[in-house]
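What follows is the residue order along each chain.
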Amino acid sequence: MKWVYSSATGEALRSELTTLGSREDVAGLVLLATPSVDVTNEGFETTLQSVSVPVCGGVFPQVIADGERHDAGLLAIGLPSEPTITVVSELSDPDASLPANGSEAAFVFVDAYADPDGVESLIDALFRTYSVGLSVVGGGAGRLDDDGPSLFTADGVIEDAAVMAVVDQAMGIGVRHGWEELAGPFRVTDADGGTIRELDGEPAFEVYHDAIETNTETTVQRDSFFETATAHPFGISRLDGEPIVRDPFDLDGGAISCFGPVPEGEFVTVLSGEPDTLIGAAEQAADTALNDETVAEDAETLCVFDCISRQLYLQDSFDREISAIDTDALPMVGALTIGEIANDGTGHLDYYNKTAVVAAVSDDA
């Protein structure tokens with residue numbers, strides 16, 4: 001896939017995008033913008049409308065261009081086959097909006113601050129509609145310090161929604177996180193969407209607090225909760241694979257709010273992770289994607305959707321994770337997302353947190 005990273009604005013950005021969109025080998029654009037790009041500006045909408053091919057995308061905390069992270073600018077990825085772009089504006093009832101089956105893969109982006117139950121409804125609808133017949137990658141769009149509009153198409157900016165670009169491209173996918181169980185399991189006895197009120201009948205924060213202080217040397221305090229949560233997410237138990245990670249980010253009394261739904265009745269564990277283990281897991285995700293028989297030796301690009309909270313936890317070591325995924329043989333592009341969406345190669349389609357998703361993408365339909 002052809003791509004362009006740009007720190008330009010205004011007419012200069014418009015020129016770069018229209019030039020990329022006019023190439024014979026580009027039939028659509030996926031745009032991954034950083035918070036430095038004002039997607040609500042009328043000029044940005046005019047720029048999108050000036051592109052001659054279908055376009056969609058979102059705002060993410062950082063983007064990855066040729067293996068380098070950027071917290072400013074915009075990454076434009078050219079698609080070799082014309083995408084079917086769909087906006088799912090009603091996440092609580094997404095079935096009516098999903099396009100008919102018949103393509104190989106889809107890039108799916110969802111408002112990270114949308115109702116977690118709505119996000120779960122979208123994931124369920126995608127699986128009901130396409131089962132394992134559609135390879136899906138993407139993630140949660142948004143800014144870490146602002147829940148404003150973060151998704152867009154040529155028709156304008158949207159929020160509390162999802163956008164998907166369905167394409168005829170072969171795609172191998174790897175999904176790994178590397179977090180390990182520290183304490184639990186605990187039964188979720190009271191929850192609503194992504195808010196866990198009680199674990200084993202006790203206030204969720206009390207259980208979380210005791211689990212960490214009993215098993216580590218960390219002191220858990222309310223005023224530094226986000227820093228503690230970055231190192232100790234929840235894991236939703238799964239019988240035949242790694243637990244699905246849920247990222248805590250806020251407190252409301254004794255309740256803990258997470259990105260992504262945590263269904264009442266599930267069992268969760270408190271997780272921990274060592275840098276080498278997390279980095280090794282990301283490398284395994286890349287290996288899985290590249291060795292997928294779907295792409296065999298035809299992969300042309302690595303598309304990576306890695307979680308911004310992994311970067312916040314690993315800090316300077318996160319560049320080691322990027323290097324572990326990178327390969328000299330293929331260009332590497334993508335974004336650091338607020339939650340990740342993917343098939344994991346075993347029939348699962350889920351919304352993840354703190355997880356590395358790698359797609360090896362072929363230019364051949």
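The model shown is predicted, which means the values in this text are computed figures rather than measured ones.

Q: Is there a simple way to explain the state of the cysteines in this structure?
A: In protein chemistry, a disulfide is the covalent bond that joins the sulfur atoms of two cysteines. Evaluation of the coordinates by the stated rule reveals 0 disulfides. Here Cys258 stays free of any disulfide, with the sulfur of Cys307 as its closest cysteine sulfur at 12 Å. Taking relative accessible area as the criterion, Cys258 reaches 5% and is therefore assigned buried. Looking at Cys303, it has no disulfide partner, and the nearest cysteine sulfur is the one in Cys56, 13 Å off.

Q: I keep staring at the pattern of salt bridges and nothing clicks. Help me out?
A: Pairing is possible between side chains of opposite charge, provided their charged atoms come close. Taken as a whole, this structure holds 9 salt bridges when the rule is applied. Residue Arg69 is joined to Asp319 by a salt bridge in which the shortest nitrogen-to-oxygen separation is 3.0 Å. One end of the pair, Arg69, is in strand β5 (residues 68-70); the other, Asp319, is in helix α8 (residues 318-325), and 250 residues separate them in sequence. With a relative accessible area of 25%, Arg69 lands in the partly exposed category. Taking the relative accessible area as the measure of exposure, Asp319 reaches 39% and is therefore partly exposed. Linked through salt bridges whose partners overlap, the residues forming this network are Asp190, Asp192 and Arg197.

Q: Looking at this structure, how should I read the nonpolar core?
A: Note on soluble globular proteins: their nonpolar side chains tend to be buried together. In terms of nonpolar packing, the biggest core is built from 55 residues, with Leu32, Phe107, Phe109, Leu199, Phe234, Ile256 and Phe305 touching the most fellow members. Per-element tally for this core: the top contributor is helix α4 (residues 204-215), with 6 residues. Those residues within four positions of Ile256 in sequence are excluded, and the remaining contacts are Gly194, Thr195, Ile196, Ala204, Phe205, Tyr208, Phe225, Phe234, Pro248, Asp250 and Leu251. Membership of the second largest hydrophobic core comes to 51 residues, among which are Ala282, Ala286, Leu302 and Leu330.

Q: Would you take a moment to explain the environment of Asp298 for this structure?
A: On the secondary structure map, Asp298 appears in the loop between α6 (275-290) and β21 (299-307). With a relative accessible area of 40%, Asp298 lands in the partly exposed category. It is 9.6 Å that separates the C-alpha atoms of Asp298 and Met171, two residues lying 127 residues apart in sequence. Here Asp298 is in contact with Ser362, Asp363 and Asp364, once residues within four sequence places are set aside.

Q: Is there a simple way to explain the sheet that holds strand β9 (residues 135-141) in this structure?
A: Sheet architecture is open: 6 strands sit in the order β7-β12-β8-β9-β23-β24, paired in mixed fashion. The sheet terminates laterally at β7 (84-88) and β24 (349-352), the two strands that pair on one side only. Between one strand axis and the next, the sheet turns through 15 degrees on average, direction left out of account. Note that strand β23 (residues 340-343) and β24 share 4 bridges and pair antiparallel. Residue pairing for β24: Glu340 is matched across the bridge by Tyr352. Contacts between helix α3 (residues 116-130) and the sheet are confined to β7, β8 (105-111), β12 (162-167), β23 and β24, with β24 contributing the most and set at about 160 degrees to the helix.

Parameters and conventions
Residues numbered from 1 in each chain as written. Predicted model: local features only at pLDDT ≥ 70, side-chain atom pairs only at ≥ 80, totals over all residues. Heavy atoms only, no water. Disulfide = S-S within 2.5 Å. Buried < 20%, exposed > 50% of the residue type's maximum accessible area, 1.4 Å probe, protein only. Salt bridge = Lys/Arg side-chain N within 4 Å of Asp/Glu carboxyl O. Helix = DSSP H or I, 4+ residues; strand = E, 2+ residues; numbered from the N terminus. Core = buried A, V, L, I, M, F, W, Y, C linked by side-chain atoms within 4.5 Å. Contact = heavy atoms within 4.5 Å. Pairing = 2+ DSSP bridges. Axes fitted to C-alpha atoms, helices over the stretch in contact; angles between N-to-C directions.

Remember, this is a structural readout, not a statement about activity or role.
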